[in-house]
Each structure stands twice: as structure tokens, then as C-alpha cells.
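# Chain and residue survey
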Amino acid sequence: MMATFRTRSTIARTLRDLGLPLPGRGAEYNVAGKVVLITGGGDGIGLASARALHARGATVALLDVNQSSLTAAEFALGRRRVLTLVADVRDRPGMDAAVHAVIERYGRIDVVIANAGVTPPPSTLRQIDPVGFDRVIDINLTGVFNTVHPAIDEVIARRGHIVVVSSAAAFAPGLGGASYMISKAAVEQLGRALRLELTGYGASAGVAYFGMVDTQLARATLDDDEIGRRLDARLPRPLRRRISPEDAATVIADAVARRAGRTLAPAAWQPWALGRGLVNVLADGYLAADAECHQLIRELEERPVTTHASGSTTAGPDARRTP
């Protein structure tokens, strides 16, 4: 009977991961009394996730490079059940020290949300400054590894959960965003591997994908930039709908509660995500033959090269906000 219950539970969880609206929420992991570590916790989706999980009774440890953002976040959370630490996800020894500081303070880490990332200025692989490319990979990909690696043993010991934040850009073509797409596709695979590696120990991991999240950076990138507006307009209208950081945070908090292996928002991206094997062949073929696409690439390559990606190195206001 127990085996049958576990099988049904696994099937239900998988169906929910596919985005099917089953009755109930499938919650099985209560964060009340747990310790949650969040990178990029100073603002945006990181801070919104901290609010959501803190409201559910969790203690939150927020990591960010921006001390003033952390100070404001601590105040916003009422200074109770909150720890803030300045850390750069590119700094492996520094991240090791930050993780161990959380464990020393609270005696545990139950949940990790690897939310850190940056969005680079639009560019092509031909045009991009190699320093800028390396920075995106160092923050968006290696920074996720630097976050989860020192915490894995503790999460296993607590039978906890890890969320890595990827993006719809992991599976959808994005003109002028190659370095970001590459980094988020790699994060997706990191999360999938981590899920398989943890499950035998009673712990779990999952990948969170977001499309457009409505933030100041998204507006600056897509609304205030002429090429950005044209790139945004190329998406089908349902995929251009933006969600708030608070909406994204609720998705993450619910994903933790049900130990989701996969979660995605907004739901309009589900058909593309589930049918990517076919959809991407068609989309790539269309874009490769599209004259407007060719023109946009030429215009991007006529722009001056910008070395650095925008935003904070611990998730700042970027990869957490745009795909």
C-alpha cells in the first residue's frame, strides 16, 4: 500500500511539474521553522521570495553584493528571522564562508534558492567582448555552482530542497542574447542533474523558469531601447505578458512546498517548453531565413561594444527579471 501511495504521489508531482491544474496544491514540504538561503536577496525576485517564505514561517538568509539593499531588505522583513551577508557568487571561497556562516548562526540550511544572475547588453557572439561573456557565465552559471556546492551536504542532512533559477531563454531563441541563453541553458542542466543526485538521499531539487518579469530593468531593456522594442515585438503576444516579482516569488515558494522538479511562469510558455524539440526546429528555421532578423543582427553589431553586463553579481535586477 505504501509503495502504491508513493507511486501515485510521484505521478501527481510529475503532472504538476508539467503545469497541469490538479486539485489541491500538492504541498508536502512546510518551510515553517526551516532556514532558507537566497542569493540575490537584496531586491527583485530574491527579496520577493524572501518575503513569501518568511511569511510562511521560514528564517531567511539573504546574500547580495549590495550592502544597502541588504540593509533595506532586513528592515522590510522586520529584522526577525533574517540574516544578511554581503557575498559575490563569483567568489568561491567567499561563498563557502557565507554558507558556513549561515550554518554557524542557525545550525542548519534546509532550502537553497540560487537566484543570482545578470543580463548582458544585447550583442552577438561575433561582437561581444570576451570579458563580458566570461562575466555572464561566471555569475549566471558558475555562481549557481558556487552557491549550491557548499550547501549540498547540509541540504541532504536536512532532507531539504534546492531551487536553481533558469529562464525561458534556456529553451527559446533570443536574438542578441547568446551569452544569457547559454548560461541559463547550462543552469537548467545543472538543476536537472542535481535533482537526480539528491533524490536517493531524501532531498530534492528543481528548476524554475521565468518569462518576462516586469521590473525597471526589463522596461529599460525592452521599452526604452529601440532595438529592444523591436525584439520584444517579435514574440507572440501571449509570451510578451509580464508577471511581477511577487508573482514569480509565489511560484518559487509553491515550488519549494511541493518539491517541484520543474516550475514555469507565466503559463503561456508551457506549450513551447513542453514541445521545444519541434518548436525550436521550426523557430530556428524561420528566424534563420527572416530578413528582419538579419537586419536586427547587423544593427546590433553596429553598436559600440559594452564590456560589462548590467546588474548585481548576486542576482541584481537582471536575470531574475528577464528571460
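Residues numbered from 1 in each chain as written. Predicted model: local features only at pLDDT ≥ 70, side-chain atom pairs only at ≥ 80, totals over all residues. Heavy atoms only, no water.

Now for empty space enclosed by the protein. The final tally for this structure, using the stated rule, is two cavities of 30 Å³ or more. In this structure, the largest cavity spans a volume of roughly 40 Å³. Here the residues of the lining of the largest cavity are counted per class, giving five nonpolar, five polar and no charged. (1 Å grid on protein atoms, 1.4 Å probe; cavity = no way out; pocket = protein on both sides within 12 Å on 5 of 7 lines; lining within 4 Å. Points joined across faces, edges and corners; volume = space filled by probe spheres on them. Nonpolar A, V, L, I, M, F, W, Y, C, P; charged D, E, K, R; others polar.)

We now examine the layout of surface pockets. Counted as a void, the largest pocket has a volume near 730 Å³. At the level of secondary structure, the elements contributing two or more residues to the lining of the largest pocket comprise α7 (178-199), α8 (216-222), α9 (226-233) and α12 (276-288). In terms of residue class, the lining of the largest pocket is made up of 21 nonpolar, seven polar and two charged. (Helix = DSSP H or I, 4+ residues; strand = E, 2+ residues; numbered from the N terminus.)

Quick look at the pattern of salt bridges now. Applying the stated criterion across every chain yields a total of nine salt bridges. Of the charged contacts, one joins aspartate 88 and arginine 90 as a salt bridge, the two residues approaching to 2.9 Å between their closest N and O atoms. (Salt bridge = Lys/Arg side-chain N within 4 Å of Asp/Glu carboxyl O.)

Pairing within the open sheet is parallel, and its seven strands lie in the order β3-β2-β1-β4-β5-β6-β7. Whereas interior strands pair on both sides, the edge strands pair on one side only; in this sheet they are β3 (82-86) and β7 (262-265). Strand-to-strand twist across the sheet, computed as the mean angle between neighbouring axes with direction ignored, equals 15 degrees. Relative to strand β6 (residues 204-210), strand β5 (residues 161-165) runs parallel, the two being bridged by five bridges. Looking at the pairing, histidine 161 lines up with serine 204 of β6. The strands that helix α3 (residues 67-76) touches are β2 (59-64) and β3; relative to β3, the one it contacts most, it runs at about 175 degrees. Contacting β4 (111-114), β5, β6 and β7, helix α10 (residues 245-257) runs over the sheet at an angle of about 150 degrees to β5. (Pairing = 2+ DSSP bridges. Axes fitted to C-alpha atoms, helices over the stretch in contact; angles between N-to-C directions. Contact = heavy atoms within 4.5 Å.)

Moving on, we come to the packing of aromatic side chains. Considering all chains together, one arrives at three aromatic pairs under this definition. Consider the rings of tryptophan 269 and tryptophan 272, whose centres lie 5.8 Å apart with planes at 40 degrees: the pair is tilted. Across the pair, tryptophan 272 and tryptophan 269 agree in class, each one buried. Aromatic rings pair up to connect Phe171, Tyr209, Trp269 and Trp272 into one cluster. (Phe/Tyr/Trp six-rings, centres within 6.5 Å; stacked < 30°, edge-to-face > 60°. Buried < 20%, exposed > 50% of the residue type's maximum accessible area, 1.4 Å probe, protein only.)

This brings us to the environment of alanine 273. Take alanine 273: it is sitting in helix α11 (residues 270-274). A C-alpha to C-alpha distance of 9.5 Å links alanine 273 and tyrosine 209, two positions 64 residues apart in sequence. What alanine 273 contacts, discounting residues up to four positions off in sequence, is Phe171, Arg262 and Leu264.

Here the residue pair alanine 265 and proline 266 is connected by a cis peptide bond, since its omega of -5 degrees sits within 30 degrees of zero. Along the polypeptide, proline 266 turns up in the loop between β7 and α11. The phi torsion at arginine 81 lies on the positive side, around 55 degrees, for a residue other than glycine. Here arginine 81 lies in the loop between α3 and β3. Phi at arginine 259 takes a positive value of approximately 50 degrees, unusual for a residue other than glycine. Among the structural elements, arginine 259 can be located in the loop between α10 and β7.

What follows is about the confidence of the model for the protein chain. Residues at a pLDDT of 70 or more form 84% of the protein chain, whose mean pLDDT is 87. Here residues 309-323 is a poorly scored stretch, pLDDT under 50, and it has 92 contacts once near neighbours within four places are set aside; other chains count. (pLDDT = per-residue confidence, 0-100.)

This part is about α12. Here α12 contains 13 residues, and its C-alpha end-to-end distance of 17 Å stays within 8% of the 18 Å for a straight helix at 1.5 Å per residue. Buried residues of α12: Asn280, Ala283 and Leu287, and no others. Relative to the axis of α12, the buried residues are bounded by an arc of 70 degrees and lie together on one face. Those residues of α12 that are exposed and aimed more than 90 degrees away from the buried face are Gly277, Leu278, Val281, Leu282, Tyr286 and Ala288. Contacts made by the buried residues of α12 are with α11 and α13 (291-302). (Expected span 1.5 Å × (residues − 1). Arc of directions from axis to C-beta.)

Before going further, it helps to examine the packing of α9 against α13. Viewed as axis vectors pointing N to C, α9 and α13 meet at an angle of 155 degrees, and their least axial separation amounts to 11 Å. Of the possible angle classes, the one that applies to α9 and α13 is roughly antiparallel. Note on packing geometry: the crossing formed by α9 with α13 is left-handed. Along the contact surface, α9 presents Glu226, Ile227, Arg230 and Leu231, while α13 presents Gln295, Leu296, Glu299 and Leu300. Residue classes in the contact of α9 with α13 are distributed as four nonpolar, one polar and three charged. (Parallel < 35°, antiparallel > 145°, perpendicular 65-115°, else oblique. Left-handed = near helix turned anticlockwise from the far one by under 90°.)

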